[in-house]
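Inside the fold
Listed below, chain by chain, are the residues.
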Amino acid sequence: MTDQTQEIRMQVMWNRLISVVEEQAMTLLRTAFSTSVREAGDLSAGVFDPQGRMLAQAVTGTPGHVNTMAEAVLHFIAEIGRQNMFPGDTYVTNDPWKGTGHLHDITMVSPSFKGDRLVGFFACTAHVVDVGGRGFGADGKSVYEEGIQIPIMKFAERGVVNADLIRILRANVREANQVVGDFYSLAACNDVGHQRLIAMMEEIGLPNLNQLGDFIFSRTRAATLERIAALPRGAWVNTMITDGYDQPVKLQATVETRDGTVNVDLTGTDGISRWGINVPIIYTKAYACYAMKCVVAPDIPNNWASLEPFTVSSPENILNAPFPAPVSLRHVFGHMVPDLVLGALAQALPGKILAEGAGALWNIHMSVKPTTPGGQRAEILMFNSGGMGARPEADGLSATAFPSGVMTMPIEATEHTGPVVIWRKELRPDSGGDGQYRGGLGQIIEIEPAKGHMMDFSAMFDRIGPAPRGRDGGQAGANGVAMLDDGTKLRPKGWQHLPEGRRLVLHLPGGGGYGDPENRSPEARADDLSKGYVTK
Amino acid sequence: MTLSIRLGADIGGTFTDIALEVGDRIFSTKVLTNYSAPEQAILDGMDAVLAEAGLGYGELQIVIHGTTLATNALIERRGAKVAFLTTEGFRDVIEMRTESRFDQYDLNLRLPAPLVPREDRFPIGGRIGASGAELAPLDEAALRALVSVVSQGGYGAVAIGFIHSYLNPDHERRARDFLATCGLPISISSEVSPQMREYERFNTVCANAYVRPQMASYLDRLQERLKERGARCPVFMIHSGGGLVSVDTAAEFPVRLVESGPAGGAIFAADVARRFGLDKVVSYDMGGTTAKICLIEDYAPKTARSFEVARTTRFAKGSGMPISIPVIEMIEIGAGGGSLAWVDPMGRIQTGPESAASEPGPACYQRGGTRPAITDADLILSKLDPDNFAGGAIKLSTANAASAIAAHVGDRLGLSPQSAAFGICEVVDENMANAARVHAVENGKNISDNIMVAFGGAAPLHAARLCEKLGIDQCLVPPGAGVGSAIGFLKAPFGYEALASRIIGLSAFDPAAFNGLVDGLKETARRFVAQGTSGTILCETVAFMRYRGQGWEIPVPLPDRPLTAADAGLIRDRFRTAYARFFGRAIDGLDGQGAGLEIEIVTLSVKAADERSAPTPVTLTTGTRSAPAAQLRDVFDPATGADLPTAIVTRDSLAAGDRVAGPAIVVERETSTVVTSPFDVVKQPDGSLLILRKGA
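Everything numeric here is computed off the predicted structure, so don't read it as measured data.

Right, let's get into the overall build of chain A. Check the secondary structure of chain A and you find 11 helices and 19 strands. Relative to the 2.2 N^0.38 estimate, which gives 24 Å for 536 residues, the radius of gyration of chain A is 23 Å and therefore close to what a compact globule would have. A principal-axis box enclosing the C-alpha atoms of chain A has dimensions of 70 × 65 × 40 Å. Out of the 536 residues in chain A, the part that is buried amounts to 62%. If you take every contact in chain A between residues at least 6 apart in sequence, the share linking residues at least 24 apart comes to 76%.

Shown next, in the form of structure tokens:
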């Protein structure tokens, strides 16, 4: 009975640990100032053992943090050093190569002490409103232009906040109050996790997390390896052309299944860009792993053991850009990585993988300024999604984020944030690729500065050139369009200007179709027409 | 004073519960819900309780009714064909939702279809801006042309939802006037749900229109049938916020009836809290398919401004639809007596959300169920008496329960049936504990500061273990818990909550405009309440506030008097205190850098309710004498992990003040109250059982 009771107690504690990190993440969600965190769930939170191995992670809106955070903690342990860690400490960085890929993401790690014994770490990451530099956009030529860099250091020691860091931060960022507010929110969310963990350990009488960690790791590793063993053996190659900043960029991936691992190799991908669209490998790896997990082990929770079998290798290129490459918009290409990997997996698992979709979110950062006295300045960020690819047994989802898991914001809230008018935000007919199953529709958005205002905006768009491809005979979705209402074409990336009285018009890409259009049922076609998803 | 004769009727998914209050006596019954003629079940139940009480329909003074019919219509998509008029450029708001997936890893995810399909959504030119000013005039020609389309389109109802109408309802009202000649019921979003956020508001107005014809006809029929039987009393409806509204209001705003049954349960628990004078209570209601947890402070259940109904996938957050109306806030998880246990790929025991329901039921019911449910595990752990379940109505098979648990859980994990049953109970209890803990945190509370009130058939079996996990020292199990919601209806005040979204920065606080807004809300709320009562009406004003730039607002109670410019400081202080309670500390001026962040009000709420007379108080007793156990049986105890000799006593055999040392099981007709080893149990003067931590 004792062994059996022990088994059950372990299971219950694992559940509790997952609840602890969900609570940690929720605290951050509710206190954050950054729009992308509070409205869109762009954050992550997790708990680690003293060796820095991730035990559990909250499910949030960002696969991009899946294992970036897992690796970040190891850097913190190495650089701070165990001998310099004390109860009440919190450590911080926004190093793109040691954190989550760009300066806007702040990662905080806090040691968790039970008495004077180190029992684990809590880590969290969130996207803050501003980090200075050129602002959120692709125009930097190196990471030095993209904002303030905070190397791994102490945000707080024994509960006392590093006042010098805060002063330097305030001097370097726009919206300093909100940025500093978010730093405190991050630290507070780790505190919540720490308090819950210690309460759990005291309730159960647990001196450390060793035994629980072994239990979690052995269970998830076994389940993950079982899934990998069931995959066919081989190597499959896929390439994809994307917009880039000023010229198309080729991405290439080779997915190879081996004994107990699946590797994605990115040899063949184009070289480093001069613009801020490069991706540190840690972020590429997160999205590659996410795609593989969706197919291979969607129901197995993320932790050190379940992520370890998925590996990524790459020579230096746009998906493995070293310091000091500019990386501000690393999410655009990061979001393309799942379609790239899924295209290779589709050859290994025919009939199982959805068609390509819009991929990257169509984010837009607007910097609104008055043209006459008495107006208002405002910084506004919007998230918008095109269509997902059709699935082997269903139409694609219209205007739905994938691979990102973020939510859009209400336009009523956006219009309260600053002087803009959103005239239109609705589905884009005829944008889903035809097929036995139709690709999801993109959407059309029209934005105008409010009377007496103009704006500069940072474009973060893709799939304006090559459209999302169909699969197994399905046709491509519609490619994207970015223009002014007078027909002037705009660039997919970089800062651009919108004068007073003009509207910005965005047509977001639709998803690719799946299967031969000949096989689409007449009922589905009639329904498409009556709803106006298709007009001809 | 004449005897009060009041009747509560709660139509639930499986049962229709009737509770008749005659003075201080309660007569109650449960009858099966009748889906084709819901009013018939009510009348059958009323016949039974009135006969038992020796009364006739004519003697009833009030009938209070709550129903899941509106919820069911939304879940089963059995509503009217609705024409939805919306702002040009925003035809697809209710279809595009939040543009996200509720499950990150499921590539074959299906999203629920919008309530109104695209062909029935009609964009109309005209635009109100974020300041409430008109940016583009209403397209009257388009509206005129639409009249015949809607009249001849086979529609049953019309919904109108325009951008920023919560600030300026002019376009919505004018559009309603144009459509009036169609002869259809018209719902406008600025009346149904005047809150910012277009997806939630539009979906709410569509839901209102969708259930309106059906609910209106049902309410007509019910009143008609009651009259036929001689009832002369008024009928009032319980709404999701836990108050009473007239049938006319209910017919106009039927979306406010969604989730009214669970609201009754929370009011029931709030009444228990008031009688015992407990200012911090967590109610725990566990039935056949779900468990519901609600926080009750100062005898009032927590309320929220929106919730999600009709979840399509495993109770997953985001798989349903948002309804923005005032609601008693509770967390509901797929954990009931019928919830099924299974083993996941990591060899972890999981419970629910799939349920064995009443057919085939748990394996031990012997009605063909072969998969193990929570009730099977409870039986194997000797928490239930197989010969005396539901008053002996259902004979339970321990052998069936053991073989189902072995086949689906025990054998896979190498656990004995008893260990596996322990595992199943531990997992379901842990899930409920986690949900309760997180719910408390979401509301800035600490769960262990509360006293639990447990009701519903399965709650008393699990409450003590839940208290162990949550660090709660006391739990009350009131009598009559089986029809808690219907009894709760009888305790509900006449109440209405009016809301308005208005962004007001405290640095530019304008008391005159603010007072005008609050007065308008008060008038609206009082008007609804005055339909049901001539008593004193009390108002409570709450501002939902945040630091400018944040997206989550916290409730801050305001004084019930006109405010002056100087009160901006008072509001700021109250906000900072509330913020610190939720999130640890207020964050403006944290590092001494001047004024710091702007604090703003986003939504104002005024709750009006009539004053209730206080119930007869009961003093909580921790026991005056220890009652010996008549019988001892070995029962598995989760805290010690051992089989312990456990006192078995019947609830009726205990007198007020009797204290029985745990571990113990108190058995009664409907269920059993399990008292684990860290607790004792004390019978209260009103018949309740108090589970009390030893030494506390």
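What follows continues from the structure just given.
Before going further, it helps to spend a moment on the overall build of chain B. The number of helices and strands found in chain B is 16 helices and 36 strands. Scaling as 2.2 N^0.38, a compact globule of 696 residues should have a C-alpha radius of gyration of about 26 Å, and chain B matches this with 26 Å. The C-alpha extent of chain B, read off along each of the three principal axes, is 80 × 70 × 65 Å. Relative to all contacts within chain B whose residues are 6 or more apart in sequence, the contacts with residues 24 or more apart total 67%.

This part takes up the sheet that holds strand β2 (residues 54-57) of chain A. Whenever strands of a sheet pair, they do so through backbone hydrogen bonds, lying parallel or antiparallel. All names here are of chain A. Within the open sheet, the 7 strands sit side by side as β2-β1-β5-β4-β3-β6-β7. Their pairing is antiparallel. The sheet is open, and its two edges are formed by β2 and β7 (160-161), each paired on a single side. By the bridge criterion, 3 bridges tie strand β3 (residues 90-93) to strand β6 (residues 153-157) in an arrangement that is antiparallel. Bridge pairing links Tyr91 to Lys154 in β6. Here helix α3 (residues 68-80) sits on the sheet and contacts β1 (43-48), β2, β3, β4 (105-114) and β5 (117-127); the angle it forms with β5, its principal contact strand, is near 125°.

So, on to the sheet that holds strand β12 (residues 244-246) of chain B. Residues and elements named next belong to chain B. Read from one edge of the open sheet, 6 strands run β3-β2-β1-β4-β11-β12, paired in mixed fashion. Looking at the sheet topology across the chains shown, the edges are occupied by β3 (25-32) and β12. For this sheet, the mean inter-axis angle between neighbouring strands, taken without regard to orientation, is 25°. Note: strand β2 (residues 15-22) against β3, 8 bridges, orientation antiparallel. By the bridge assignment for β3, Thr16 is matched with Val31.

Right, let's talk about the pairing of strand β31 (residues 642-650) of chain B for a bit. Residues and elements named next belong to chain B. With 7 bridges connecting them, strand β30 (residues 631-637) and β31 associate as antiparallel partners. Bridging across to β31, Asp637 finds its partner in Ala642. Between β30 and β31, which pair antiparallel in sequence order, lie 4 residues; one of them, Gly641, sits at a positive phi of approximately 70°. When β31 meets strand β33 (residues 664-667), the two strands line up parallel, connected through 4 bridges. Opposite Thr650, over in β33, you have Val667 as the bridge partner.

Because the α-helix completes a turn every 3.6 residues, residues three or four places apart line up on one side. All names here are of chain A. For α3, spanning 13 residues, the distance from its first C-alpha to its last is 18 Å, which sits close to the expected 18 Å at 1.5 Å a residue. Of the positions making up α3, those classed as buried are Thr68, Met69, Ala70, Ala72, Val73, His75, Phe76 and Ile77. The positive-phi residue at the C-terminal boundary of α3 is Gly81, with phi of around 90°.

Moving on: the domain arrangement of chain A. Residue and element names in this part refer to chain A. The assigned domain composition of chain A is domain 1 (2-220) and domain 2 (354-536). The C-alpha centroid of domain 2 is placed 33 Å from the C-alpha centroid of domain 1. Across the contact, 15 residues belong to domain 1 and 14 residues belong to domain 2. Tallied by class, the residues present in the side of domain 1 that touches domain 2 amount to 4 nonpolar, 7 polar and 4 charged.

Take the interface of chain A and chain B next. With 68 residues of chain A at the contact, the number on the chain B side is 61 residues. In terms of residues, the side of chain A that touches chain B owes the most to one element, helix α1 (residues 2-31) of chain A, which gives 14 residues. Looking at side-chain class alone, the side of chain A that touches chain B contains 30 nonpolar, 19 polar and 19 charged residues.

Entries for chain B in the domain assignment read domain 1 (5-74 + 216-242), domain 2 (78-211), domain 3 (495-610) and domain 4 (625-693). Between domain 2 of chain B and domain 4 of chain B, the C-alpha centre-to-centre distance is 56 Å.

Counting residues in hydrophobic clusters, the biggest one holds 380 residues, and the most contacted among them are Val341 of chain A together with Cys206 of chain B. Those residues in contact with Cys206 of chain B, other than ones at most four positions away along the chain, are Val82, Phe84, Ile94, Leu115, Val116 and Ala159 of chain B.

Turning to the pairing of strand β28 (residues 599-610) of chain B, a few remarks are in order. Residue and element names in this part refer to chain B. Taking burial as the measure, the 12 residues of β28 include 11 buried ones, the bulk of the element. Where strand β25 (residues 495-505) meets β28, 9 bridges bridge the pair, whose relative direction is antiparallel. Bridging across to β28, Glu497 finds its partner in Lys607. As paired strands, strand β26 (residues 537-547) and β28 are joined by 11 bridges and run antiparallel to one another. Bridging from a neighbouring strand, Ala543 pairs with Leu604 of β28.

Position of Val438 of chain B relative to the elements: it lies in helix α12 (residues 417-442). Note on Val438 of chain B: 19 C-beta atoms within 10 Å, which makes it partly exposed. Distance from Val438 of chain B to Ile331 of chain B, taken between C-alpha atoms, is 9.5 Å for residues 107 residues apart in sequence. Excluding residues within four positions of it along the chain, Val438 of chain B makes contact with Ser19, Glu22 and Glu23 of chain A.

What follows covers the confidence of the model for chain B. Interpretation of this model should avoid reading the predicted coordinates in detail wherever pLDDT is low. In this model, chain B carries an average pLDDT of 89, and 97% of its residues clear a pLDDT of 70 or more. Here the predicted complex carries an ipTM of 0.93, next to a pTM of 0.91.

Now for unusual backbone geometry. For the bond from Phe402 of chain A to Pro403 of chain A, the omega torsion is 5°, close enough to zero to count as cis. Within the secondary structure layout, Pro403 of chain A lies in the loop between β13 (378-382) and α10 (411-417). Of note, the bond from Gly662 of chain B into Pro663 of chain B is cis; its omega dihedral lies within 30 degrees of zero at 5°. Of note, Pro663 of chain B is situated in the loop between β32 (658-661) and β33. You will see that Glu259 of chain B, though not glycine, has its phi angle at about 65°, which is positive. Inspection of the secondary structure assignment puts Glu259 of chain B in the loop between α8 (247-252) and α9 (260-276). Its identity is not glycine, yet Gln366 of chain B carries a phi of approximately 60°, on the positive side.

Criteria and thresholds
Residues numbered from 1 in each chain as written. Chains lettered and ligands numbered in written order. Predicted model: local features only at pLDDT ≥ 70, side-chain atom pairs only at ≥ 80, totals over all residues. Helix = DSSP H or I, 4+ residues; strand = E, 2+ residues; numbered from the N terminus. Rg over C-alpha atoms; globule rule 2.2 N^0.38 Å. Buried ≥ 20, exposed ≤ 12 C-beta atoms within 10 Å, placed from the backbone. Contact = placed C-beta atoms within 7 Å. Pairing = 2+ DSSP bridges. Axes fitted to C-alpha atoms, helices over the stretch in contact; angles between N-to-C directions. Expected span 1.5 Å × (residues − 1). Domains from an automatic or database assignment. Nonpolar A, V, L, I, M, F, W, Y, C, P; charged D, E, K, R; others polar. Core = buried A, V, L, I, M, F, W, Y, C linked by C-beta atoms within 7 Å. pLDDT = per-residue confidence, 0-100.

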